[in-house]
Amino acid sequence: MTTLTNLLDFDPAQLVAYCADLGEKPFRAKQLQRWIHQFGASEFDTMTDLAKSLRDKLATRAEIRAPAIISDHTSLDGTRKWLVDVGNGNAVETVFIPEENRGTLCISTQAGCAVNCRFCSTGKQGFNRNLTVAEIIGQLWMAEFELRRTKGTEPGPKGERQITNVVMMGMGEPLLNFEPTVTALKLMLDDNAYGLSRRRVTLSTSGVVPMMDKLSQEVPVALAVSLHASNDALRDGLIPLNKKYPLRELMAACRRYLAFAPRDFITFEYCMLDGVNDSDEHARELLALVNDPVVGVSCKFNLIPFNPFPESGLLRSKNPRIKSFAQVLIDGGLVTTIRKTRGDDIDAACGQLAGEVQDRTRVQERMEKMAEYQKKFGADFGRIVEIPS
Ligand code: SF4
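Residues numbered from 1 in each chain as written. Predicted model: local features only at pLDDT ≥ 70, side-chain atom pairs only at ≥ 80, totals over all residues.

> What is the right way to read the overall build of the chain from this model?
Looking only at helices and strands, the chain features 12 helices and 14 strands. Across the 389 residues in the chain, those meeting the buried criterion constitute 45%. For the chain, the share of sequence-separated contacts (at least 6 apart) that also reach a separation of at least 24 residues comes to 68%. (Helix = DSSP H or I, 4+ residues; strand = E, 2+ residues; numbered from the N terminus. Buried ≥ 20, exposed ≤ 12 C-beta atoms within 10 Å, placed from the backbone. Contact = placed C-beta atoms within 7 Å.)

> Help me understand the UniProt feature "active site" (unreviewed entry) in the chain in this model?
Following the UniProt record, the feature "active site" (unreviewed entry) maps to E93 and C350 here. Locating E93 in the fold gives a position in strand β5 (residues 91-99). (UniProt positions renumbered as here; feature names shortened; annotations may be inferred.)

> Can you help me understand the nonpolar core in this one?
Grouped together as the largest cluster of nonpolar side chains are 100 residues, with contacts concentrated most on I137, L140, V166, M188 and M272. Counting residues per element, this core draws most heavily on helix α5 (residues 133-151), at 10 residues. The residues that make up this core include at least three from each of domain 1 (5-63) and domain 2 (68-364). For I137, the residues in contact, after removing those within four places along its chain, are L8, A184 and L187. (Core = buried A, V, L, I, M, F, W, Y, C linked by C-beta atoms within 7 Å. Domains from an automatic or database assignment.)

> Could you clarify how one ought to interpret the environment of A91 in this entry?
Secondary-structure assignment places A91 in strand β5. For A91, a count of 25 C-beta atoms within 10 Å puts it in the buried group. A C-alpha to C-alpha distance of 9.3 Å links A91 and I69, two positions 22 residues apart in sequence.

> What should I look at first to understand helix α10 (residues 280-290) in this one?
Think of an α-helix as 3.6 residues a turn; residues three or four steps apart then line up on the same face. By the burial criterion, the buried members of α10 are A283, L286, L289 and V290. Axial view of α10: buried residues confined to an arc of 115°, hence all on one face. Those residues of α10 that are exposed and angled more than 90 degrees off the buried face are E281 and A288. Looking at the buried side of α10, the elements it contacts are α9 (247-258), β13 (299-305) and α11 (319-331). (Arc of directions from axis to C-beta.)

> How should the site of the ligand be read in this particular structure?
Taken together, C113, V115, N116, C117, C120, T122, G123, M171, G172, E173, S206 and S226 form the complete shell of residues around the ligand. Across the shell around the ligand, the residue classes tally to 5 nonpolar, 6 polar and 1 charged. (Near = placed C-beta within 6 Å. Nonpolar A, V, L, I, M, F, W, Y, C, P; charged D, E, K, R; others polar.)

> What is the right way to read helix α1 (residues 12-21) from this model?
Looking at α1, one finds that the buried residues are P12, L15, V16 and C19. One side of α1 holds all its buried residues, which, seen down the axis, span an arc of 105°. Summarising the contacts, the buried residues of α1 are in contact with α2 (26-37) and α6 (178-189).

> How should the sheet that holds strand β10 (residues 201-205) be read in this particular structure?
The pairing of strands in a sheet happens through backbone hydrogen bonds and is either parallel or antiparallel. Pairing in this open sheet of 10 strands is mixed, and the strands run β3-β4-β5-β6-β9-β10-β11-β12-β13-β14 from one edge to the other. Of all the strands in the sheet, the pair left with one neighbour each is β3 (69-74) and β14 (335-338). The average undirected angle you get between the axes of adjacent strands in this sheet is 20°. Note: strand β12 (residues 266-272) against β13, 7 bridges, orientation parallel. Within the sheet, the bridge partner assigned to T267 lies in β13 and is K300. (Pairing = 2+ DSSP bridges. Axes fitted to C-alpha atoms, helices over the stretch in contact; angles between N-to-C directions.)

> How should I be thinking about the packing of α10 against α11 in this particular structure?
Angle between the axes and distance between the axes: these two values describe a pair of packed helices. It is the contact of α10 with α11, at a shortest axis distance of 9 Å, that shows an interaxial angle of 25°. In terms of their interaxial angle, α10 and α11 are classed as roughly parallel. In this structure, the crossing between α10 and α11 has a hand that is right-handed. Here D280, A283, R284, L286 and L287 of α10 lie close against α11, whose contacting residues are S324, F325, V328 and L329. Residues that form the contact of α10 with α11 fall into these classes: 6 nonpolar, 1 polar and 2 charged. (Parallel < 35°, antiparallel > 145°, perpendicular 65-115°, else oblique. Left-handed = near helix turned anticlockwise from the far one by under 90°.)

> Is there a simple way to explain the environment of S42 in this structure?
Within the secondary structure, S42 is located in the loop between α2 and α3 (52-61). Placed 21 residues apart in sequence, S42 and E63 show a C-alpha to C-alpha distance of 7.3 Å.

> What exactly am I supposed to notice about unusual backbone geometry here?
Leaving glycine out, the prevailing phi sign among residues is negative, and the prevailing peptide bond configuration is trans. Unlike most non-glycine residues, N88 shows phi in positive territory, near 50°. As for its position among the elements, N88 is in the loop between β4 (80-85) and β5. For N88, a count of 9 C-beta atoms within 10 Å puts it in the exposed group. Phi at N116 takes a positive value of approximately 60°, unusual for a residue other than glycine. Within the secondary structure, N116 sits in the loop between β7 (110-112) and α4 (121-124). Of the residues examined, N116 has 17 C-beta atoms within 10 Å and is grouped as partly exposed.

> Before we go on, may I ask you to explain the pairing of strand β6 (residues 102-106) in this structure?
Both faces of the sheet carry side chains from a regular strand, because those side chains alternate between them. Note that β5 and β6 share 5 bridges and pair antiparallel. In the strand pairing of β6, I97 is matched with T104. From the end of β5 to the start of β6, which pair antiparallel, there are 2 residues.

Put into structure tokens, the structure is as follows:
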């Protein structure tokens, strides 16, 4: 049986090379790329401006295949979450968060994660495997065109784009799956694909220092760093990777990255953990760290109310504590936001992604939970509903 080549695996240059192998000119690759990434086409027959001979050739050798959707739920607040199949009993989650003037898609780059942050349910299930380019960009492809279908928006560059921002903050540490992540990023930025600006694509890392430098050279999108602690002793206990790349090294890498970044600040993510990292003293220590004349860095803080899960043994900081912590940072001159917790009702909030990757029986549990919610909130709960623009 001939194995079909999945064209979602190719960045623009690779698609040109693939077309050249078929004896086709580079402009054919551009046309093909537009059909795939701007029209969401998955059948070569629909690509009407390609010669029939090329369409026939492609049909016997290639395919356009995103990961299959296992489940699709929309939260009361409009957050939409897909669980997608990435083979061998693995699944990852993709989450769309609609806001007033933008739509953000949070995508995953690995099935499971080896970093094992203490506050993250993904980390608790261990590492399964790296996602391919098709599985990473396929999440954007699938979500953009599913959202358009739901809204009745036409495909193509003229149709209203649903996803205006992408954050690589789902399952996995993107910098530990570097090449496929970079290829997917190039497609996100390409004018013949999604045409997103570098400012609208954010990669979040737990601090893989050498790869941050490499990213700055290859595709320097906006950077978020999972900081979560104000000193090494605390961070060592929350993010084991800190023992390898401690705070001073991480800060220095952030400074180097800024020379290439599309924004003049790094976003520091800080998960608020009750009694662990949330005192005013911790906030003052953070101020000293980011203002340090040698390692300090221009930054803004995003405080994330923790989503507790039993195995973590951790609790969410109380709201007044979060506000007081934020106030110390603000008084110290830092732009600080508190992330709105969204999608709680469908487990789409940060740190809750794909708890069921290895254990599909949890999908059943969630379906049961959904039925329970539908009884409580009405029959439309959890069904695909129109997301207000
Ligand atoms: S927070 Fe990110 S890096 Fe840490 S375990 Fe979870 S997915 Fe991995």
